[in-house]
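# Overview (structure and organization)
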Amino acid sequence: MNEEQFKELVNSLDVGKKLPDSIYFHKDTFSDVPDALSKFIKIVAKALKIDDANWNLIKVFRNDFRLSLLNYPSFFEDSYPALEQSVNVDLKKLSHRVTSYSKQENPPILHRKETMITKDHEFHDHFCMLTQEGEAAGLYENSRMIGFKSSWERLIEKHGYELVDGRLFRSSAVNSNVDNDKEIDRHKTAIVRYELSAPMKTLAKNGFLSGEYSIFDYGCGRGDDLRELETHGLDALGWDPNFRPDSEIVNSDVVNIGFVINVIEDQDERISAVLGAWEATGKLLVISAMLANESYLAQFKPYKDGVITSRNTFQKYFSQAELKSYIERTLDDEPIAISPGIFYVFKDKALEQHFLQNRHKRSYQWQQLTEPKPVSEDQARILFTKHQELLESFWLSCLAYGRVPANEEFGKSEEIKEVIGSNKKALKLVTDWFGQDELKLAATMRKEDLLIYFALGMFEGRKPYTHLPDDLKRDIKAFFDTHKIALHQAKELLFDIANIEQITTECLKAKEILPASKLSLENEQPHSLTIHKNFIDDLSPLLRVYVYSALQLYGELDDIQLIKIHITSGKVTLLGYEGFEDSPLPQLKERVKIKMAEQDVDFFDYIREDKRPVLLDKIEYIDESFNDFKKQKAFNKKLNKELKNISTNNINKLQITLLLPNKKILGYKII
């Protein structure tokens, strides 16, 4: 084989981890490698008298007549195996060099092993999960730091993780009597962290760490979350059987039992821990646990309803649906999905209603659409001149509620009373001045938001509350007259999400009125509508219920950009892209399919970077409100011209490069 043939075969490979100058693949993939290349590699190994047992990974070079035979003895056993020996062969100079790493303390290690084997390999799914964990933990943000064993271990520790049987994890433990036939070392599951845990981050995001609520961490481990919260001056306490056994379990507004239930091997004790945390909860309980699939669990020794790790710790892994069901059965209450593996359960039902209302509530932005109208009464003119700030503040409050605010809902009601007499009189004055149009629009928005709130409660099977908070009572009276009417209208709205004809109509309307969207057809019929998450609140009430019903099963859209509404199948697909905000060709990193009829969620991850589909038509999903809109528009115009005669379905970044010979994409430019 000559150099030209070698390069041609290397660059035609469909398997392997592809880097700019080389490709790595395991010899298990030889069946998918061109025969000429695989035979040549074996001939080279035989000629150099390298035994088959001393190499299992091949590195071939794209631009040079070179290859390396690498030996990772624990390729399948270790999550991040170490290199024991490499044989670098320069085929042009007919020379080779053997390097041994067996006695080195800091040998090179492997990552992203799923890219080096075929998709149908028995270890592929497991390797994908390992990479997914590392990405979720932020370990791959600086690729220069991960290539050697010691730096990799320091990076894991720095991020507050630990390797147990090759699996990254961090959790707290709840201790009590261990099982008679096996003693579990639960204290080994509590590890050091240097940032807030994921459940605590959700509390911060949703306003529960503002200082208004007392916080208790049930099973706090080494207390890393508590130290951070205390630094911010928050009232935060915690208890842990191993690290803070003498602390008291104190009743608090918000209780977090974070990644605790998955380390308790006794099922009765696990229930007791959840109930104990619930008993200490005044307003909100946060429950979280680790998720995993069956293929990952298959590698461990089963024990009770979980597995035993090599450190003699127990882990009970859940699926998203299983965790929700477990919480519901244990507490006889409805958990709310916040993100994969994290749920809220409210003991304070008024607070729950406020959380759910505000979760999908739109805020009316006063834009002075109408010119202030002159009024005939001189007194009114004088009032607006003297009290402009007060009356504008009152007007904004009216727009926020879509109605006249009650005394306790507007902080300056006493001033209004002194100046005008009452909030009701003030409403007439400000609507005469500013006009009725904006208030009517705000009222319509508030009524729609309330209908969506009631409909979502029905979708999730929540029991109707017998005691409504006062502000909700006022809303119902203003917009529906009675609670019964509100529930009836919400029920009709919810039932319409199963009406394909109605969903089709609403999607067609949405395509016309949304700032940006894409309507896909199948057999010339509308099949799906895809939008950016920024435009959810621009959808009709029916489509908002459709989308938010799906999100009840998933949680927040932090790492998701696009939402696909499947018109006929009752499904919603969430799409998360790497570089959506600052790249002209974002790469699909995560896809989540939510099946509402089955109340189930399927997760799909695109671990292999060079195989991730790119979003060629990003411009269809954004408008002028996005910072890169103009640059993206110019880029797509040129890209479409370059690819006008080429089918580009499910194309990846490498294929884009091949389709644009003698071209390079730099930022938003094609050079």
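All values derive from a computational prediction rather than experimental measurement. (Residues numbered from 1 in each chain as written. Predicted model: local features only at pLDDT ≥ 70, side-chain atom pairs only at ≥ 80, totals over all residues. Heavy atoms only, no water.)

## What to know about the overall build of the chain
Scanning the chain from N- to C-terminus turns up 21 helices and 25 strands. Dimensions of the chain, computed from C-alpha atoms along their principal axes, come out at roughly 105 × 70 × 45 Å. Buried positions account for 52% of the 671 residues belonging to the chain. Put simply, of all contacts in the chain between residues at least 6 apart along the chain, 63% involve residues at least 24 apart. For the chain, the accessible surface area stands at approximately 33000 Å², while carbon and sulfur atoms represent 48% of it. Measuring between centres, the 91 positive side-chain charges of the chain sit 5 Å from its 105 negative side-chain charges. (Helix = DSSP H or I, 4+ residues; strand = E, 2+ residues; numbered from the N terminus. Buried < 20%, exposed > 50% of the residue type's maximum accessible area, 1.4 Å probe, protein only. Contact = heavy atoms within 4.5 Å. Areas by Shrake-Rupley, 256 points an atom, 1.4 Å probe, with all protein chains shown as cover. Lys, Arg positive; Asp, Glu negative; His and termini not counted. Charge placed at Lys NZ, Arg CZ, Asp CG, Glu CD.)

## What about the confidence of the model for the chain?
Chain-level pLDDT for the chain is 85 on average; 91% of the residues reach the 70-or-more range. Across residues 186-194, where pLDDT falls below 50, the model places 48 contacts with residues more than four positions away in sequence or in other chains. This stretch, residues 368-376, has a pLDDT under 50; its non-local contacts, to residues over four places away or in other chains, come to 16 contacts. (pLDDT = per-residue confidence, 0-100.)

## Regarding the sheet that holds strand β15 (residues 314-315)
The antiparallel open sheet is built from 3 strands, whose spatial order is β13-β14-β15. One side of each edge strand has no neighbouring strand; the edge strands of this open sheet are β13 (301-303) and β15. As judged from the 2 bridges shared by strand β14 (residues 306-308) and β15, these two strands associate in the antiparallel manner. Considered in β15, the bridge of I308 is made with F314. (Pairing = 2+ DSSP bridges.)

## Quick word on helix α17 (residues 483-495)
The first and last C-alpha atoms of α17 sit 18 Å apart over 13 residues, in line with the 18 Å expected at 1.5 Å per residue. Looking at α17, one finds that the buried residues are A486, A490, L493 and L494. Down the axis, α17 shows its buried residues gathered within 95° of arc, on one side only. Facing away from the buried side of α17, by more than 90 degrees, are the exposed residues K484 and F495. Check the buried side of α17 and you find it contacts α15 (437-459) and α19 (541-554). (Expected span 1.5 Å × (residues − 1). Arc of directions from axis to C-beta.)

## Some points on the packing of aromatic side chains
Two aromatic rings are characterised by how far apart their centres lie and by the angle between their planes. Evaluated as defined, the whole model comprises 28 aromatic pairs. When the ring of Y140 is compared with that of W152, the centres are 5.8 Å apart and the planes differ by 35°; the resulting orientation is tilted. Here Y140 is found in the loop between α3 (124-136) and α4 (149-158), whereas its partner W152 is found in helix α4, with 12 residues between them in sequence. Considered together, Y140 and W152 belong to a single accessibility category, that of buried residues. With centroids separated by 5.1 Å and ring planes inclined at 45°, the aromatic side chains of Y453 and F454 adopt a geometry described as tilted. (Phe/Tyr/Trp six-rings, centres within 6.5 Å; stacked < 30°, edge-to-face > 60°.)

## Considering the environment of L508
Its location among the elements puts L508 in helix α18 (residues 500-513). Between the alpha carbons of L508 and S528 there is a distance of 10.0 Å; along the sequence they are 20 residues apart. The residues contacting L508, other than those within four sequence positions of it, are L519 and P526.

## A word on the nonpolar core
Core analysis: the largest hydrophobic core is formed by 83 residues, its most contacted members being L203, F208, Y344, L539 and L574. When residues in this core are grouped by element, the largest group, 10 residues, is from α19. Residues in contact with L203, not counting those within four places in the same chain, are F208, L209, V254, L284, V286 and Y344. Counting 25 residues, the second-largest nonpolar core is a separate cluster that includes V255, I257, A280 and A289. (Core = buried A, V, L, I, M, F, W, Y, C linked by side-chain atoms within 4.5 Å.)

## A short note on the sheet that holds strand β23 (residues 600-605)
The strand order β18-β19-β20-β21-β22-β23 describes an open sheet built from 6 strands, whose pairing is antiparallel. Each edge of the open sheet carries a strand with a single partner, namely β18 (518-522) and β23. Neighbour-to-neighbour, the strand axes of this sheet turn through a mean angle of 20°, independent of strand direction. Examined bridge by bridge, strand β19 (residues 525-532) and strand β20 (residues 562-566) share 5 bridges and lie antiparallel to one another. By the bridge assignment, T530 is partnered in β20 with K564. Here α18 sits on the sheet in contact with β18, β19 and β20, set at roughly 50° to β19. Contacts from α19 reach β20, β21 (571-578), β22 (587-595) and β23, with the element oriented near 100° to β22. (Axes fitted to C-alpha atoms, helices over the stretch in contact; angles between N-to-C directions.)

## Description of the side chain of H26
Here H26 is to be found in strand β2 (residues 22-26). Judged by relative accessible area, which is 4%, H26 ranks as buried. Of note is the side chain of H26, whose polar atom sits 3.0 Å from the backbone nitrogen of D28. Those residues in contact with H26 that sit more than four places away from it in its chain are N56, L57, I58, F75, F76, M116 and I117. (Polar contact = N/O pair within 3.5 Å; in protein donor to acceptor, adjacent residues only side chain to side chain.)

## Description of the pattern of salt bridges
Going through the model one piece at a time under the given rule, you end up with 28 salt bridges. Taking the shortest distance from any N to any O, the salt bridge between E135 and R612 comes out at 3.2 Å. Here E135 is found in helix α3, whereas its partner R612 is found in the loop between β23 and α20 (629-642), with 477 residues between them in sequence. Overall, R612 belongs to the buried group, its relative accessible area being 2%. K324 is the salt-bridge partner of E328, the closest N and O atoms lying 3.8 Å from each other. In this pair, E328 and K324 both sit in helix α9 (residues 320-331), 4 residues apart, roughly one turn of the helix. Residue classification places E328 among the partly exposed positions, given a relative accessible area of 30%. Taken together, the shared-partner salt bridges in this structure form one network comprising R403, E408, E409, R446, R474 and D475. (Salt bridge = Lys/Arg side-chain N within 4 Å of Asp/Glu carboxyl O.)

## A closer look at unusual backbone geometry
Positive phi is not limited to glycine here, since F259 has a value of about 50°. Backbone geometry places E524, a non-glycine residue, at a positive phi of 65°. In this fold, E524 is placed in the loop between β18 and β19. A relative accessible area of 72% places E524 in the exposed class.

## Topic: a positive patch on the surface
On the surface, K633, K637, K638, K641 and K644 cluster together to form a positively charged patch. Positionally, K637 belongs in helix α20. On the basis of relative accessibility, which here comes to 68%, the residue K637 falls in the exposed class. (Patch = residues over 30% accessible without salt bridge, like charges linked within 9 Å, V, L, I, M, F, W, Y side chains within 5 Å.)

## Topic: the side chain of S549
Among the secondary structure elements, S549 is positioned in helix α19. In contact with S549, other than residues within four places in its own chain, are L456, F459, L494, I497 and M596.

## Describing the environment of V60
Mapped onto the elements, V60 comes out in strand β3 (residues 57-61). Residues V60 and K7, spaced 53 residues apart in sequence, show a C-alpha to C-alpha distance of 9.0 Å. In contact with V60, not counting residues within four places along its chain, are F6, V10, L13, D21, S22, I23, F25, R66 and L67.

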